[in-house]
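A structural walkthrough
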Amino acid sequence: MNQLNKEEVRVFYPDQQTVSQAAIQGMQAYDALCAEAEADYEGFWAKLARELLSWHKPFKTVLDESDAPFYQWFPDGELNVSYNCLDRHLEKRGNKTAILFEADDGSSTAVSYRDLYQSVCKFANGLKSLGLKTGDRVVIYMPMGVEVIVAMQACARLGLIHSVVFGGFSSKSLVERIEDAQPRIIITSDGQFRGGKQMPIKSAVDEALQEEQSRCVEKVIVFKRTGEAISWDDSRDIRWDDLVANQPDSCEPAWVSAEHPLFLLYTSGSTGKPKGVQHASAGYLLHALNTMRWTFDIKDSDVFWCTADVGWITGHSYVAYGPLAAGATQVVFEGIPTYPDASRFWKVIEKHKVSIFYTAPTAIRTLIKLGGDLPAQHDLSSLRLLGSVGEPINPEAWKWFYHEVGGGRCPIMDTFWQTETGGHVITPLPGVTPLVPGSCTLPFPGLDVAVVDESGNEVERGIGGFLVIRKPWPSMIRNIWNDPERYKQSYFPEDLGGKLYLAGDGAIRDPETGYFTIMGRIDDVLNVSGHRMGTMEIESALVANPLVAEAAVVGKPHDIKGESIVAYVVLKGERPTGDAAKNLVESLRAWVGKEIGPIAKPDEIRFGDNLPKTRSGKIMRRLLRALARGDDITADISTLENPAILQQLKS
Ligand code: WT7
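In this text the structure is predicted, and so the values were computed from the model without any measurement. (Residues numbered from 1 in each chain as written. Predicted model: local features only at pLDDT ≥ 70, side-chain atom pairs only at ≥ 80, totals over all residues. Heavy atoms only, no water.)

Side note on the overall build of the protein
Scanning the protein from terminus to terminus reveals 20 helices and 30 strands. Taking 651 residues into account, the globule formula puts the C-alpha radius of gyration at 26 Å, and the protein, at 24 Å, falls close to it. Principal-axis analysis of the C-alpha atoms gives the protein an extent of 75 × 65 × 60 Å. Every one of the 651 residues in the protein was classed for burial, and the buried ones make up 61%. For the protein, the share of sequence-separated contacts (at least 6 apart) that also reach a separation of at least 24 residues comes to 71%. For the protein, the exposed area adds up to about 25,000 Å²; of that, 48% sits on carbon and sulfur atoms. Here the protein contributes 68 positively and 84 negatively charged side chains, and the mean placements of these two sets differ by 2 Å. (Helix = DSSP H or I, 4+ residues; strand = E, 2+ residues; numbered from the N terminus. Rg over C-alpha atoms; globule rule 2.2 N^0.38 Å. Buried < 20%, exposed > 50% of the residue type's maximum accessible area, 1.4 Å probe, protein only. Contact = heavy atoms within 4.5 Å. Areas by Shrake-Rupley, 256 points an atom, 1.4 Å probe, with all protein chains shown as cover. Lys, Arg positive; Asp, Glu negative; His and termini not counted. Charge placed at Lys NZ, Arg CZ, Asp CG, Glu CD.)

Written as structure tokens, this is what we have:
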């Protein structure tokens, strides 16, 4: 939780220089924009969409609500996302650096907008030669690099729907996503470099395709990153270099409807398997670009660096799409923050003269611990703006980031948003918002955000409730792939009237300023190091183990990761003790790593003869949460079937 100690709250005013340059000048201008959106909601978005995007066919309809909550934005307009990210910059910015690629080993290369355009066109032509057509799905499972962006942009160019799967997910997770998205193609690499180590990646694709039942995948395209020996299937595998050899370096973009799905990105929900969040083309790009302008104040002279992997939404909106749509120069980083040592971020900022730096609280907390004095040893004077994303940033980490990294000069944009929202929802704006450490402050202009009670009525300021968005917005999720019912139920629940978008977070507003503070998820979703994990997913992985009868997973606050994963396990056989228990913990952790990925491994596993249940058989998770934290059980346990079990599960 993100409770602020009143004495500790300090209001930080953004630097004067930032104020004078910013896109929105001062709180009055912000209020005026919000009022404009309030007075003419469609007009507000239509104006932005016309100004910021290049349309092949202009739209007439702004918002179609006839099939709500399946909203459509600018549906009769046509454009191409890759055209908007590349072609339209060629004349003015052809020689401008689009990407400064910083490899794991510290070497770097610069890619101009023209280079990137040509690589995307060649690769798109290669994809076309395989017979792919608009609407086909493509799974991308690659390490960070220029090529993963080329692959995404090439899909966008042809109207292919990509689904990027984070390279840290296991082959089993890949199987699940393949079976749901039904891709015709998978794009991967031979291996990957991470923290000085060479690691496999294509082997996970091979395994997945052996297991996968639907046989939808026709070809696997393999980019050579490490050059290591890998197994090869001549009838299926294609070398990236062979595919693009002799392809022309221009490629007519596919003009698609504004509503054409741009991508699917799987994310965890409170129940069942991960859901394929479906985003549309125009509305998504509009917000990715406009947040680059209003939140990050992007200018042609900036060097932007978002440290997220493209496997997550942050890497979609603020690496693969937003910065390119803005014609910005950005650093793309293959490595990890702690290799070769904990000064890597500061070295990269110094080397590439990064001016806008966007990272996650987990990374900040790790770097404070491993070398809080290291930023001072580097020239970070190029920085002018900082950003934080993925989880609440605690005031201590905020202050360190502000003073040690930003030199007390750079405002911090604590951006609250989600995979489903496509871009920022609540965030300070440079030149506008006085900052309070630990608060993501105020809604982005146009986003109608509120805190409501169980029946959907707005609560008073100072009272906690559910965070909702009351009006549809252009970059919102359009559907859950293959599961429209789940889309409706998860995001527009009937209890709240069926019209409010339910974010899944608790929030509270400051009585005086109206600032929002996010209080964490209200569902069974954990946020571990900024990664979203469903407790049910981890439980399913555990019970898939032949030794396990039952499992319950809860989160526990963690100094660095935000939350850690605690699993309660009931075995089919005897409850183990001593070394046998230790060994079993290790093998179950490894098991979950294989089932989902290393990020889902429980930090702690406790064995019991049973789980605390009500007489109707429901697991009492709040008791498990209290036990995990080591709290005394003060709650009413009269409905508990088996109170004796609590003692056993204490450690
Ligand atoms: C969940 C969404 C936003 C892109 C990366 C994560 C939490 C995100 C903040 C923030 C407090 C935050 C919320 C949200 N969250 N940003 N600035 N302050 N909490 O996207 O994987 O879809 O996770 O991350 O709980 O619901 P995601």
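Side note on the pairing of strand 20 (residues 412-415)
Both faces of strand 20 are covered, namely the face carrying Ile412 and Asp414 and the face carrying Met413 and Thr415. Note: strand 19 (residues 385-389) against strand 20, four bridges, orientation parallel. In the sheet register, Ser388 faces strand 20, and the bridge partner there is Asp414. Handedness of the crossover joining strand 19 and strand 20 through helix 15 (residues 395-405) is recorded here as right-handed. (Pairing = 2+ DSSP bridges. Right-handed = clockwise from strand over helix to strand, strands pointing away.)

Focus on the nonpolar core
Within the largest apolar cluster, 126 residues are counted, with the highest numbers of intra-cluster contacts made by Phe74, Phe123 and Tyr321. Take this core: its biggest share by element is ten residues, from helix 7 (residues 146-158). Residues within four places of Tyr321 in sequence aside, it is in contact with Val81, Cys85, Met152, Gln153, Ala156, His162, Leu262, Phe263, Tyr284, Leu285 and His316. Membership of the second largest hydrophobic core comes to 41 residues, among which are Val217, Val528, Leu542 and Val553. (Core = buried A, V, L, I, M, F, W, Y, C linked by side-chain atoms within 4.5 Å.)

Describing the pairing of strand 16 (residues 303-306)
Of the two faces of strand 16, both are covered, the one formed by Val303 and Trp305 as well as the one formed by Phe304 and Cys306. Bridge analysis of strand 16 against strand 17 (residues 329-333) gives three bridges, and the strand direction is parallel. Bridging from a neighbouring strand, Trp305 pairs with Val331 of strand 17. For the segment spanning strand 16, helix 12 (residues 313-325) and strand 17, crossover handedness is right-handed. With three bridges joining them, strand 16 and strand 18 (residues 356-359) adopt parallel strand pairing. Of the residues in strand 18, the one forming a bridge with Phe304 is Ile356.

Quick notes on the site of the ligand
As a structural note, the neighbourhood of the ligand is formed by 17 residues, with Thr415, Thr419, Asp505, Arg521 and Arg532 the closest of them. Residue Asp505 places a side-chain N or O atom 2.4 Å away from an oxygen atom belonging to the ligand. Relative to its unbound accessible surface of 550 Å², the ligand loses 95% to contact with the protein. Among the secondary structure elements, those contributing two or more residues to the shell around the ligand are helix 12, strand 20 and strand 25 (516-521). Grouping the amino acids of the shell around the ligand by side-chain chemistry returns six nonpolar, six polar and five charged. (Near = heavy atom within 4 Å. Polar contact = N/O pair within 3.5 Å; in protein donor to acceptor, adjacent residues only side chain to side chain. Nonpolar A, V, L, I, M, F, W, Y, C, P; charged D, E, K, R; others polar.)

Describing the side chain of Arg177
In this fold, Arg177 is placed in helix 8 (residues 171-181). Those residues in contact with Arg177 that sit more than four places away from it in its chain are Val165, Phe169, Gln182, Tyr266 and Pro274.

Things to note about the sheet that holds strand 24 (residues 501-509)
In spatial order, the strands read 21-22-24-25; together these four strands make up an open sheet with antiparallel pairing. For this open sheet the edge positions go to strand 21 (449-452) and strand 25, each flanked by a neighbour on one side alone. Adjacent strand axes in the sheet meet at a mean angle of 45°, parallel and antiparallel pairs treated alike. In this structure, strand 21 lies alongside strand 22 (residues 465-469), joined through four bridges in antiparallel fashion. Across the sheet, Val449 pairs through a bridge with Ile469, a residue of strand 22. (Axes fitted to C-alpha atoms, helices over the stretch in contact; angles between N-to-C directions.)

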